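# Survey of secondary and tertiary structure
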Amino acid sequence: METTVSDSPPEHLSLIIDLSPTQWHLSSLDTNPQPLSLRLFISQVLVFLNAHLASRHDNTIAVLVALPGKNVMIYSSSDTIEESDHQSPLDESNTYQPFRAMNSAVVQRIDEELGAQEHGETEAPIGLVGALTKALCHINRLTHPTASANPSIAVPTPPNPRILIFSVSPDLSTAYIPLMNSIFSAQKLKVAIDVCKLYGEDTVFLQQAAHLTGGLYVNPERRDALLQYLAMCFLPSTAIRRVLGMPTQDHVDFRAACFCHKNIIDIGYICSVCLSIFCSPVPVCSTCRTKFPIKTLQRLMLNRPSPLSNGHQRTASPAPQR
Amino acid sequence: MPPRRRDGAYVHNAGTSSESEGFDDIDDGNYGDKRKNKGKGKAKDTGKGSQDKGKGKSKEQAYAWEATYTRSWDTVQEDEGGSLQTAVEDLLARGRRRRLLEPSSAIRRTIIRHLMLLLDLSSSMLDRDLRPSRFDLTLEYSRQFIVEWFDQNPLGQIGIVGMRGGLGERIGDMSGNPQDVLKAISDRRRLQPDGDPSLQNAIDMARGSMSHLPTHSSREILIIYGSLTTCDPGNIHDTLDACINDKIRVSVVSLAAEMKICRELANKTGGVFGVVMNEDHYKELMFELVPPPAQRSASRLTGGSTNFSADLMMMGFPTRLPDTSPLSLCVCHSQLKGEGFLCPRCKAQVCDVPTDCDICGLMIVSSPHLARSYHHLFPVKPYQAVTETGLSPSPKCHGCSHSFPEKPSATGSDPTTADVISPLGRYRCPDCEKDFCADCDVFVHDVLHVCPGCQ
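Small disclaimer: the values here were computed from a predicted structure and weren't measured.

This part is about the interface of chain A and chain B. In this assembly, 71 residues from chain A lie in contact with 60 residues from chain B. A buried area of about 5500 Å², summed over both sides, lies between chain A and chain B, and 63% of it is on carbon and sulfur atoms. Together, Arg141, Phe254 and Leu275 of chain A form the three largest contributors to the area buried by chain A at its contact with chain B, with a combined 13%. The tally of links from chain A across to chain B stands at one salt bridge. Here aspartate 439 of chain B and arginine 141 of chain A are joined by a salt bridge, their closest N and O atoms 3.1 Å apart. There are seven residue pairs in polar contact (both at pLDDT 80 or more) connecting chain A and chain B. Elements that contribute at least two residues to the side of chain A that touches chain B include exactly strand 3 (70–76), helix 4 (128–143), helix 5 (176–189), helix 6 (204–213), strand 7 (252–253), strand 10 (267–271), strand 11 (277–278) and helix 9 (294–303) of chain A. When residues of the side of chain A that touches chain B are assigned to their parent elements, the largest contribution, eleven residues, is made by helix 5 of chain A.

What follows concerns the confidence of the model for chain A. Residue and element names in this part refer to chain A. In this model, chain A carries an average pLDDT of 80, and 83% of its residues clear a pLDDT of 70 or more. Contacts of residues 147–152 to residues separated by more than four positions or lying in other chains number three contacts, the stretch itself having pLDDT below 50. Note that residues 306–322 has pLDDT below 50 and, in this model, 33 contacts with residues that lie over four places away or in other chains.

Take the packing of aromatic side chains next. Per the stated rule, a full pass over the model turns up nine aromatic pairs over all chains. For the pair phenylalanine 145 of chain B and phenylalanine 287 of chain B, a centre-to-centre distance of 6.2 Å together with 80° between the ring planes defines the contact as edge-to-face. With phenylalanine 145 of chain B in helix 6 (residues 134–152) and phenylalanine 287 of chain B in helix 11 (residues 279–287), the pair connects residues that are 142 residues apart, well separated along the chain. For phenylalanine 145 of chain B, a relative accessible area of 1% puts it in the buried group. Seen from their ring centres, tyrosine 383 of chain B and phenylalanine 436 of chain B are 4.9 Å apart, and the 15° between their planes marks the pair as stacked. Here tyrosine 383 of chain B is found in the loop between helix 14 (374–377) and strand 15 (384–385), whereas its partner phenylalanine 436 of chain B is found in strand 17 (residues 435–436), with 53 residues between them in sequence. Looking at phenylalanine 436 of chain B, the relative accessible area reads 0%, which means it is buried. Pairwise contacts between aromatic rings join Trp24, Phe41 and Phe166 of chain A into one cluster. Here the basic side chain of lysine 283 of chain B rests over the ring of phenylalanine 287 of chain B, its NZ or CZ set 5.4 Å away from the ring centre.

This next bit is on the state of the cysteines. Residues and elements named next belong to chain B. All chains considered together, the criterion is met by zero disulfides over all chains. Take cysteine 231: it sits in no disulfide, and the sulfur closest to it among the cysteines is that of cysteine 262, at 15 Å. Looking at cysteine 454, it has no disulfide partner, and the nearest cysteine sulfur is the one in cysteine 451, 3.5 Å off. For cysteine 454, a relative accessible area of 37% gives the class partly exposed.

Reading the values: the criteria
Residues numbered from 1 in each chain as written. Chains lettered and ligands numbered in written order. Predicted model: local features only at pLDDT ≥ 70, side-chain atom pairs only at ≥ 80, totals over all residues. Heavy atoms only, no water. Contact = heavy atoms within 4.5 Å. Buried area = accessible area lost by both parts, 1.4 Å probe. Salt bridge = Lys/Arg side-chain N within 4 Å of Asp/Glu carboxyl O. Polar contact = N/O pair within 3.5 Å; in protein donor to acceptor, adjacent residues only side chain to side chain. Helix = DSSP H or I, 4+ residues; strand = E, 2+ residues; numbered from the N terminus. pLDDT = per-residue confidence, 0-100. Phe/Tyr/Trp six-rings, centres within 6.5 Å; stacked < 30°, edge-to-face > 60°. Buried < 20%, exposed > 50% of the residue type's maximum accessible area, 1.4 Å probe, protein only. Lys NZ or Arg CZ within 6 Å of the ring centre and 35° of its normal. Disulfide = S-S within 2.5 Å.

So this is what it looks like as structure tokens:
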């Protein structure tokens, strides 16, 4: 049963960092029980990334950041890093060179991207799903090397991919369908999606993502000990996690967002033709233009507000009003 | 190519129909050019048209042995470097073209599906013209089909009926749980082929087990038929009329040759009919039935009055309880259990979803079940092949961040593929106008169903 290191494939980690300026500002306020600033967070993440790279020489990483309205891949192990930064190696002569290169590249690109943000009145929605789809495209390319690559080079064993999302923003219900599609693609590619919720309420959709792909959803109780969470929960590969005691998700909410108002609901009205979800009975499906029979509408309308009417409908309690 | 030539056998299969235009599109996808000169047998007279894949050429060449012998491997051209890259790209282009022809707008599809799988278990299934045998291959493909079908139709249900010894035999009841269905066909010995098949008995049995279904769900029958005869107690055309009345869609995959009644069953009920050419084609024919059918095909047949079948359903999305939660009795089995799902309306604990809550009758589904089918509703638009770059092309693919090749490949200049294969290896989304590489193009449309640029 013992496998040597060379038997198991290397690990690939795609890191997605939610860089919403507003949320990070709120997170760093002193009113929080444990304020966590972006600077502090980045430094801990860099240690984590170094640990991941150090645990095996052919481990790879890709770092993507989600910004309001856009998303960028800022670092990938397969990229060649231009040594354009003028920091002479002597500055940090005691650092392992690849780590230093990676650290400086990541920090520099994050600075650039944050600096390039426009300071509007309202923040555009965060491009988290876009970053997720890009990470999946990248992983697809890594795990399925195709003929377009030079055939003369021996194909290395495809790495064991996983995705880690650092989330600070609340759920974005407009991104429900693309996010679900990404989750199913991740299932097909056998990619585990880990989620570390750093700030704010639990997000229903990311919980589902972690649950459906076999990843971890961790909402650290003590954010000042973030590095420890990272090292204990997210550093081990999915194979090793089976023998370790990992934090489990207690309640997974399988709620969905309705198509009409993008509310997150627990009882919905479903079009039988296209399975669109609505938060209240509607006469016409907005997605497929199906007209629903007026009888059904009346029945559902009656059913909804009053608990005692329609005994034959077997309603034990009213549907919650939202 | 293995020396499995079934052509001769089919010349004897008289009494089958010759209409088989339906196959053209399948052929053009993969086999087209390489095979089209091999008109086998007399299409019109002996009526084995389906075997020569409905090519018009077969009508000119009377018999297979009169046709010029084509060496299919000669049509694969090596390029100057001696590599098969060109041929591979050509195949890719065909795949792309087929996809481009598909409608990208939202169409109505039935999503709550009910399928009866009718397996031929007659002695003709013991034939070994499909490796390892028709029977084993059918079981193997059925398993794959069921897994894939449930993956794409999570709210659907499948039942299985066998045709053996002149009877319809119930093998697996209608079930929404893939494991139950797979278990029903897991025992190979229990399904050992024997005797004659009876189409009528099996269809009647399938029809009976679907009679109670609500109107908004689809009723489908998929017949895997290896025999060339059917042994019926009555008039099978009555059964056919009954299927039309019940709006049951019958699709037939024939392993031997085309039979008039099979094609009629498929045509008149809006289903698909296909004759298997080889093992891969068998799988292709079967898996074409995995995606939910568009509803317009049904409406055309029933005269357009489809709206009555639509309905608005109330569904609840449960909360999942973890293993570690305090034990409580589940309402479905009355067992003490920690894990389970909570009905959002009455807070009763049920073991598995999708189900109807035993307390309040609410249909409980987990939202991922619903979401699995949304990509059918909102497909990604096909990307356009970029033939010339603008002033400042992006250096990297927007999806995977790999660099694009700097100079155009020579192979892409072929005018037949220019509209679908980009010489630059760039494919552009019409909406967000970002460029993607060929790999990402395929991945986005086949798996991801989300354009990374538009998000």
